[in-house]
Amino acid sequence: MGFPDRALVYKQLALPRLGSSHHVSWRITETATGAAVHSEQVVVVRPAGVTELFGAGSDPEEATSFIRRELHAKVRLVLDGAKEYVEARH
């Protein structure tokens, strides 16, 4: 769902085995030098998914670290792509 010039919010419908829910919000604010984007993501981890991916007796913190790294990398790709798109048009 988009809110022009303010935010984008969505729920990921196709989830990997590790998660049971993934919600994302992007808030856009104007700054003195352009714009700032804040991304917030909420992930609900499936315990069975942790076992499937990392093995029996694995540390849930390992799954949390994995998810954070993956989401950070994906957000970075999206933000860099958006920046390139906007800058190419101005």
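Source: prediction; values computed, not measured.

Novice: For this particular structure, what's the right way to read the packing of helix α1 (residues 47-54) against helix α2 (residues 60-88)?
Specialist: Working note: a packed helix pair is described by the angle between its axes plus the distance between those axes. Contact geometry of α1 with α2 gives a least axis separation of 10 Å together with a crossing angle of 85°. With respect to each other, α1 and α2 are oriented roughly perpendicular. Contact residues: α1 offers Val50, Leu53 and Phe54, while α2 offers Glu62, Ala63 and Phe66. The residue inventory of the contact of α1 with α2, partitioned by class, reads five nonpolar, no polar and one charged.

Novice: Where do I start with the side chain of histidine 22 in this structure?
Specialist: Mapped onto the elements, histidine 22 comes out in strand β3 (residues 19-31). At 2.4 Å, the side chain of histidine 22 forms a polar contact with the side chain of glutamine 12. Engagement of the side chain of histidine 22 in a polar contact is seen with the side chain of glutamine 41, the distance being 2.7 Å. Every residue in contact with histidine 22, bar those within four places of it in the chain, is listed here: Tyr10, Lys11, Gln12, Leu15, Gln41, Val42, Val43 and Leu71.

Novice: For this particular structure, what's the right way to read the packing of aromatic side chains?
Specialist: What characterises a pair of aromatic rings is the spacing of the ring centres plus the angle enclosed by the ring planes. Summed over all chains, the structure comprises one aromatic pair. With a centroid separation of 5.7 Å and an interplanar angle of 75°, the aromatic rings of phenylalanine 54 and phenylalanine 66 are classed as edge-to-face. On the criterion of sequence distance, the pair formed by phenylalanine 54 in helix α1 and phenylalanine 66 in helix α2 is long-range, its members being 12 residues apart.

Reading guide: rules and limits
- Residues numbered from 1 in each chain as written.
- Predicted model: local features only at pLDDT ≥ 70, side-chain atom pairs only at ≥ 80, totals over all residues.
- Heavy atoms only, no water.
- Axes fitted to C-alpha atoms, helices over the stretch in contact; angles between N-to-C directions.
- Helix = DSSP H or I, 4+ residues; strand = E, 2+ residues; numbered from the N terminus.
- Parallel < 35°, antiparallel > 145°, perpendicular 65-115°, else oblique.
- Contact = heavy atoms within 4.5 Å.
- Nonpolar A, V, L, I, M, F, W, Y, C, P; charged D, E, K, R; others polar.
- Polar contact = N/O pair within 3.5 Å; in protein donor to acceptor, adjacent residues only side chain to side chain.
- Phe/Tyr/Trp six-rings, centres within 6.5 Å; stacked < 30°, edge-to-face > 60°.

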